[in-house]
Amino acid sequence: MDQNNESSSLAGVRHVILVLSGKGGVGKSTITAELALALRHAGKKVGILDVDLCGPSIPRMLSATRRDVHQCDSGWVPVYADAEKSLALMSVGFLLDDPDEAVVWRGPKKTAMIGQFVSDVAWGELDVLLVDTPPGTSDEHLAILENLKKLKVADGAVLVTTPQAVSTGDVRREATFCKKTGLRILGIVENMSGFVCPHCSECSNIFSKGGGEELAKLTGCPFLGCVPLDPQLSASLEQGKDFLKSFPDSATFSAIS
Ligand code: ADP
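Thresholds, definitions, all that
Residues numbered from 1 in each chain as written. Predicted model: local features only at pLDDT ≥ 70, side-chain atom pairs only at ≥ 80, totals over all residues. Helix = DSSP H or I, 4+ residues; strand = E, 2+ residues; numbered from the N terminus. Rg over C-alpha atoms; globule rule 2.2 N^0.38 Å. Buried ≥ 20, exposed ≤ 12 C-beta atoms within 10 Å, placed from the backbone. Contact = placed C-beta atoms within 7 Å. Near = placed C-beta within 6 Å. Nonpolar A, V, L, I, M, F, W, Y, C, P; charged D, E, K, R; others polar. UniProt positions renumbered as here; feature names shortened; annotations may be inferred. Expected span 1.5 Å × (residues − 1). Axes fitted to C-alpha atoms, helices over the stretch in contact; angles between N-to-C directions. Parallel < 35°, antiparallel > 145°, perpendicular 65-115°, else oblique. Left-handed = near helix turned anticlockwise from the far one by under 90°. Pairing = 2+ DSSP bridges. Arc of directions from axis to C-beta.

J.: Sorry if this is basic, but what is going on with the overall build of the protein chain here?
T.: From N to C terminus, the protein chain includes 9 helices and 11 strands. Expected size for 257 residues packed as a compact globule is a radius of gyration near 18 Å; at 18 Å, the protein chain falls within 12% of this value. When the backbone C-alpha atoms are referred to their principal axes, the protein chain occupies close to 55 × 40 × 35 Å. Across the 257 residues in the protein chain, those meeting the buried criterion constitute 43%. For the protein chain, long-range pairs separated by at least 24 residues make up 77% of all intrachain contacts whose partners lie at least 6 apart in sequence.

Here's what the structure looks like:
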């Protein structure tokens, strides 16, 4: 472990993985939440740091809205999404008086908040910390990367795209950002990749197919797989339910696990 990290609040965290997307609405928070649940089901201790300051959706997706962050001697205690305390969350959503309040902050305030998230959260021992980021390459990305780089703890990034060119084009820019900032790309996930009709089981490629895999070849990054458009996944996220627990026999379950 790096010397700088020994006394930091991330000292007990084995791996830090950022989840990035070029566009909003492609399922970055969905993939972050489901990855966390899949890792938890595999017996790992997981954390999610939600640095999507203007659109924090992790608390709602994991049924942890209206929860408060408390202070302890070593910093902010994360909110736990489960009784076993194996899924720890930190999000600006927990710090707002009203969850519907709009976060209208300029860059320096966002940078300061992210600095605090990195230095002040008492994560304890975690196998993996996933960082959910806003779309694009903004102040939040630079702030989180600068802070993680100081501690030399960022393992790399998972890039999320939908299959169509308008999304893969943005992810290509995201890949360039990773290369410029020296962040390793762990792989690309194609989300909303086909829709299997629950009645006739025919698969319709609503947003075309294969864009993620093609992009992986183009950028020389590993392709991690496809997650289909699944109404049950969407409903589970709306209700803050654990999709992987509720639908263990679905094709989407296999794709995520
Ligand atoms: P982002 O973080 O990229 O802005 P979200 O993860 O918030 O995107 O997803 C946007 C919407 O799409 C959410 O309502 C989510 O429930 C839905 N969604 C994402 N991926 C899927 C999927 N594979 N199947 C069904 N709905 C999905």
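J.: Just to check I follow, could you spell out the site of the ligand for this structure?
T.: In the vicinity of the ligand lie 17 residues, with G27, K28, S29, T30 and S234 positioned nearest. By residue class, the composition of the shell around the ligand is 6 nonpolar, 9 polar and 2 charged.

J.: Which parts of the structure should I look at to understand the UniProt feature "binding site: [4Fe-4S] cluster" (unreviewed entry) in the protein chain?
T.: Mapped onto the present numbering, the UniProt feature "binding site: [4Fe-4S] cluster" (unreviewed entry) falls at C197 and C200. With respect to the helices, strands and loops of the structure, C197 is situated in the loop between strand 9 (185-196) and strand 10 (203-204). C197 has contacts with E202 and S204, leaving out every residue within four places of it along the chain. As for its placement among the helices and strands, C200 is situated in the loop between strand 9 and strand 10.

J.: Could you clarify how one ought to interpret helix 3 (residues 107-120) in this entry?
T.: Because an α-helix completes one turn every 3.6 residues, residues spaced three or four positions apart along the sequence face the same direction. Its 14 residues place the ends of helix 3 20 Å apart at the C-alpha level, agreeing with the 20 Å of an ideal helix rising 1.5 Å per residue. The inward-facing, buried residues of helix 3 abut strand 2 (46-50), strand 6 (87-91) and helix 4 (139-151).

J.: Looking at this structure, I do not really get the packing of helix 5 (residues 165-181) against helix 6 (residues 211-219). What am I missing?
T.: To describe two helices that pack against each other, one gives the angle between their axes and the distance between the axes. Between helix 5 and helix 6, whose axes approach to 10 Å, the crossing angle comes to 30 degrees. When the axes of helix 5 and helix 6 are compared, the pair comes out roughly parallel. Handedness of the crossing formed by helix 5 with helix 6: right-handed. Contacts between helix 5 and helix 6 involve A165, T168, V171, R172 and A175 from the former and G211, G212, L215 and T219 from the latter. In the contact of helix 5 with helix 6, the residues fall into 4 nonpolar, 4 polar and 1 charged.

J.: Honestly, the UniProt feature "binding site: ATP" (unreviewed entry) in the protein chain in this entry has me stumped. Any pointers?
T.: Per the UniProt record, the feature "binding site: ATP" (unreviewed entry) sits at G22, K23, G24, G25, V26, G27, K28 and S29. As for its position among the elements, G24 is in the loop between strand 1 (13-21) and helix 1 (28-41). Overall, the presence of 15 C-beta atoms within 10 Å leaves G24 in the partly exposed class. Within the secondary structure layout, K28 lies in helix 1. Discounting residues that sit within four places of it in the chain, K28 has contacts with V19, S21, D132, P135 and V160.

J.: Got a minute to help me understand the environment of T219 in this structure?
T.: Following the sequence through the fold, T219 ends up in helix 6. Residue classification places T219 among the partly exposed positions, given that 19 C-beta atoms sit within 10 Å. Taking the C-alpha atoms as reference points, T219 and G124, separated by 95 residues in sequence, lie 36 Å from one another.

J.: Before we go on, may I ask you to explain the pairing of strand 6 in this structure?
T.: For a regular strand, side chains alternate in direction, first toward one face of the sheet and then toward the other. Taken across its 5 residues, strand 6 has 5 buried, putting it largely inside the fold. Of the two faces of strand 6, the one lined by L87, L89 and S91 and the one lined by A88 and M90 are each fully buried. As judged from the 5 bridges shared by strand 2 and strand 6, these two strands associate in the parallel manner. The partner of D50 across the bridge, within strand 6, is S91. Counted between consecutive antiparallel strands, the loop separating strand 5 (residues 79-80) from strand 6 contains 6 residues, among which K85 sits at a positive phi close to 60 degrees.

J.: Mind showing me how you'd approach helix 7 (residues 231-239) here?
T.: Among the residues of helix 7, those classed as buried are L233, S236 and L237. Buried residues of helix 7 fall within an arc of 95 degrees about the axis and therefore sit on the same side. For helix 7, the exposed residues lying more than 90 degrees away from the buried face are P231, A235, E238 and Q239. Considering only its buried residues, helix 7 is in contact with helix 1, helix 2 (58-61), helix 8 (243-246) and helix 9 (251-256). Where helix 7 ends, the next residue or the one after it, G240, has phi of about 65 degrees, a positive value.

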